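Overview (structure and organization)
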Amino acid sequence: MQLLSLTVLLSLISSTVSCGGHGIRARDVQKFDPLPASAAGLPLNSDGYFVESLGHGTYMITDGIYNSMFLISTEGVVVVDMPPTTGHRLFWAVGNLTHQPITHLQADPRRPVPHVTFDTAYTLRVGNQTLELDYKGEAHMAGNIFMFAPAAKVLMVVDIVFPDWTPFSELGQAQNVYEYIKAHDLILAYDFKYYIGGHLGRAGNRTDVLVNKEYVGDLFTNCVAAINLTTTNDPVLGAAALLGPVFASNPGNYWAAFSVYIEATTSWCANKTNEKWEHRLAATDVYQYDNAAVVIQSLRVDYGILGPFGTS
Ligand SMILES: *[C@@H]1O[C@H](CO)[C@@H](O)[C@H](O)[C@H]1NC(C)=O
Ligand SMILES: *[C@@H]1O[C@H](CO)[C@@H](O)[C@H](O)[C@H]1NC(C)=O
Ligand SMILES: *[C@@H]1O[C@H](CO)[C@@H](O)[C@H](O)[C@H]1NC(C)=O
Ligand SMILES: *[C@@H]1O[C@H](CO)[C@@H](O)[C@H](O)[C@H]1NC(C)=O
Ligand SMILES: *[C@@H]1O[C@H](CO)[C@@H](O)[C@H](O)[C@H]1NC(C)=O
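Residues numbered from 1 in each chain as written. Chains lettered and ligands numbered in written order. Predicted model: local features only at pLDDT ≥ 70, side-chain atom pairs only at ≥ 80, totals over all residues.

**Points about the nonpolar core**
Formed by 70 residues in total, the largest nonpolar core has its most connected members in Phe70, Cys223 and Val295. Here this core gets eight residues from one element, more than from any other, and that element is helix α6 (residues 206-230). The two domains that each donate at least three residues to this core are domain 1 (38-204) and domain 2 (215-309). Here Cys223 is in contact with Thr265, Cys269, Ala292, Val295, Ile296 and Leu299, once residues within four sequence places are set aside. (Core = buried A, V, L, I, M, F, W, Y, C linked by C-beta atoms within 7 Å. Buried ≥ 20, exposed ≤ 12 C-beta atoms within 10 Å, placed from the backbone. Helix = DSSP H or I, 4+ residues; strand = E, 2+ residues; numbered from the N terminus. Domains from an automatic or database assignment. Contact = placed C-beta atoms within 7 Å.)

Next up, the structure:
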C-alpha cells in the first residue's frame, strides 16, 4: 500500500490552508474516536525509528507508519524492504548493529530490478541465515509474498493484519476480498512467533492474526445480513422501504437505486460491526465504512449475493 509520506502530507495540509480552505481541510478538523492505549506503538528514538531484536539476528525496524525486517548473517545483511518513509534510517539501524554490508535486498517492484526472481517459492540462504519466500496467490495484491525467517520464527506478510488497528481502507486496499480473507489461514499455517504486517506500531503475533480473522469474519457476516435484510419487509433496509421512494422520485434511474442500496447496506454493515469492534481495534470509525463497502461490492460481484437484484 502507498501511504503518503509525512512530508507530502504536511505540504498538502499547508497548501490546503494557503489556498483558502478547499480540499481536505474539512476532514483535517474532524475529531475521530480517541485511540486505545494499545495502538500507541513502539517508542521511536530522536531520529524517528525503533529497532526491535526478534532473536537469531532477525530485527524489525519501524518508523511508526511502515515496518520492515532485516537479517544479520555471517556473510552480509539481508534487507527485506526499503519502506519509503524509513529511508536512510534503515542504513543507520543496520550500521549500528553490525559492520557487515547489506548484500541482499528482497524488495517490491518499485525498487531496483532484482537479479533473482521466482514464480512460487524461493529459499534465500546467506551465511547462517535462511529466508523462505512463497507466493501463494493474490492475498492483498498480485505479487504479495510470504517471507519467513525460520530460525527466529518471524513471518512478514504485508497489508493483511495491522496489529491493534482496523485494516487500512478497503481491507488494506485488497484487490480480492476472498483472497484477503483466505490469507489469514495461510498465515496461521506457519509456525511463527512474530508477524510483521508492514504498517503501524509493532510486530504482531498469532493472537493478532486470530483477532483480525474474527474481525473480518464478523464484517463479512454482517454485510451478508445487511443484503439479506433487503429481501425482507424490514422498515429500513427492505427493498420496498429502501428503493420504493427512490424509483418514485427518479423513475427508471437504476443507478440511483443501486447507489442508495449500496450506501444503506454498507452503512448498516459498518454500524453492526462497530457495535462489537469499536474501541477493540483502533480507528474503526475511520475505516469501518470503507471496509464494509469493499465487502458489499465483493458479495455482489464475486459471491453472487444479489439481494433484491437477483432472481431469488
Ligand atoms: C547468524 O549470525 C549472526 C552474526 O554473527 C548472529 O547474530 C545470528 O544470531 C546468527 N543467526 C543464526 C540463525 O544463526
Ligand atoms: C547509528 O544511528 C544514528 C542515528 O540513530 C546515525 O546518526 C549513525 O550514523 C548510525 N551509525 C552507523 C554506523 O550507521
Ligand atoms: C500477542 O501480543 C499481545 C500484545 O503485545 C499480547 O497481549 C498477547 O499476549 C500476545 N499473544 C501471544 C500468543 O503471544
Ligand atoms: C443470508 O441468507 C441466506 C439465504 O437465506 C442464509 O443461508 C444465510 O444464513 C443468511 N446469512 C445471514 C448472515 O443472515
Ligand atoms: C449508521 O450509523 C449512523 C451514525 O449513527 C447513522 O447516521 C446511520 O443512519 C446508520 N445506518 C443505518 C443503515 O442504520
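**Focus on unusual backbone geometry**
In terms of backbone geometry, most residues other than glycine have negative phi values and most peptide bonds are trans. Within the chain, Asp164 stands out as a residue other than glycine whose phi angle is a positive 75°. Residue position: Asp164 is located in the loop between β9 (154-156) and α4 (169-173). Even without glycine at this site, Gln173 takes up a positive phi of about 60°. When you line up the elements, Gln173 lands in helix α4.

**So, the site of ligand 5**
Residues in close proximity to ligand 5 include Val236, Ala264, Ser267, Trp268 and Asn271, which together make up its full environment. Residue composition of the shell around ligand 5, by class: three nonpolar, two polar and no charged. (Near = placed C-beta within 6 Å. Nonpolar A, V, L, I, M, F, W, Y, C, P; charged D, E, K, R; others polar.)

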